[in-house]
Amino acid sequence: MDIKKLQALVIDALEDVKAQDIELYETTHLTSLFDRVCIASGTSNRQTKALAASVRDKVKENGGTIVSMEGEATGEWVLVDLGDIVVHIMQPAIRAYYRLEELWGDKPVKFGAAKRITAKKVDAPDADEASDKPKRAPRKTAGKAAPLEVTHDMMAIQTTLDDEKKPARKPRVSKTTGEAEAKPARKPAARKAADGTAKPTKPAKIPTGGRVKVASTKTAVASAKQAAEKRGAAAAAPAKRATARKKTEE
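The following refers to the structure shown.

Rules of the game
- Residues numbered from 1 in each chain as written.
- Predicted model: local features only at pLDDT ≥ 70, side-chain atom pairs only at ≥ 80, totals over all residues.
- Heavy atoms only, no water.
- Helix = DSSP H or I, 4+ residues; strand = E, 2+ residues; numbered from the N terminus.
- Buried < 20%, exposed > 50% of the residue type's maximum accessible area, 1.4 Å probe, protein only.
- Contact = heavy atoms within 4.5 Å.
- Areas by Shrake-Rupley, 256 points an atom, 1.4 Å probe, with all protein chains shown as cover.
- Phe/Tyr/Trp six-rings, centres within 6.5 Å; stacked < 30°, edge-to-face > 60°.
- Pairing = 2+ DSSP bridges.
- Salt bridge = Lys/Arg side-chain N within 4 Å of Asp/Glu carboxyl O.

All right, on to the overall build of the protein then. For the protein, the count of helices and strands is 7 helices and 6 strands. The helix and strand sequence of the protein, counted from the amino end, reads α-β-β-α-β-β-β-α-α-β-α-α-α. Classification of the 250 residues of the protein by burial places 20% in the buried group. In the protein, of all internal contacts separated by at least 6 residues, the share reaching a separation of at least 24 is 56%. Looking at the protein as shown, the accessible area adds up to about 21200 Å², and 54% of this sits on carbon and sulfur atoms.

A few words on the packing of aromatic side chains. Counted under the stated rule, the structure contains 3 aromatic pairs. For the pair phenylalanine 34 and tryptophan 104, a centre-to-centre distance of 5.3 Å together with 65° between the ring planes defines the contact as edge-to-face. Here phenylalanine 34 is found in the loop between strand E1 (20–26) and strand E2 (36–41), whereas its partner tryptophan 104 is found in helix H4 (residues 101–104), with 70 residues between them in sequence. A relative accessible area of 14% means that phenylalanine 34 is categorised as buried. The exposure class of tryptophan 104 is buried, given its relative accessible area of 19%. Among the aromatic residues, those joined into a ring-pair cluster are Trp77, Tyr97 and Tyr98.

Right, let's talk about the sheet that holds strand E3 (residues 68–70) for a bit. In spatial order, the strands read E3-E4-E5-E2-E1-E6; together these 6 strands make up an open sheet with mixed pairing. Since the sheet does not close on itself, it has two edges, and those belong to E3 and strand E6 (107–108), each with one partner.

Let's shift gears to the environment of serine 41. You can see serine 41 is positioned in strand E2. When the C-alpha positions of serine 41 and tryptophan 77 are compared, they lie 9.2 Å apart, and in sequence the two are 36 residues distant.

On to the pattern of salt bridges. Note that side chains of opposite charge can pair when their charged atoms are close. Taken as a whole and assessed by the stated rule, the structure comprises 6 salt bridges. Put simply, lysine 58 and aspartate 16 hold a salt bridge, and the shortest N to O gap is 3.8 Å. Residue lysine 58 is located in helix H2 (residues 45–61), and its partner aspartate 16 is located in helix H1 (residues 3–16); the two are separated by 42 residues in the primary sequence. A relative accessible area of 15% places lysine 58 in the buried class. The class of aspartate 16 is partly exposed, set by a relative accessible area of 43%. Of the charged contacts in the structure, one is a salt bridge between arginine 95 and glutamate 101, with a shortest N-O distance of 2.7 Å. Residues participating in the shared-partner salt-bridge network are Asp12, Asp16 and Lys58.

Written out as structure tokens, the structure reads:
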């Protein structure tokens, strides 16, 4: 199998099971036993075993050979030997301790999603075919316009325009004098009862604490006149007595 196809299968299988920190290095200048070294990390024993199984199954499905697999019992460091590529799947603590990148990492190999061979590419239509197809016109509502957003500024402008359009009312002018007449004050309408007759108006309320004038009766007026006459007679009696004494003395 071609080395590029094989390394694409390995990377694809590791990414399917969410491997972390995948690195690929070229080792042709260091050893003649294999051409590539791939290093990846798994967060647990179960994930490292699942990553190794994914690489094994992916290569087998595409006609590759599996030379050997080691470390499946513990799951801390699983090695998958594919002949041209050796895959090391390790937990982060084991990877930090052995530091295989310092041993094999002189020439890193760049890889990306574009090298995946399992992903199917959808052929894009040609520009000429796309131009021949008629473009659909946007749908229009039957006889209905799109609603407009009304803001406070628009409402204020509309009210000012309406006020300007309304003519000012002219005051009434009398026919005789020709001067403007003032409107008479409206009288309060009398309330009507259920039978149609006008209800009597209520008397005005007298404020409490004030003096109220009451009209005097005829008997009171007569008694007042008699009392005044008696007072006048009593005041005139001494003068009459004095005059009577003078006459007697003469």
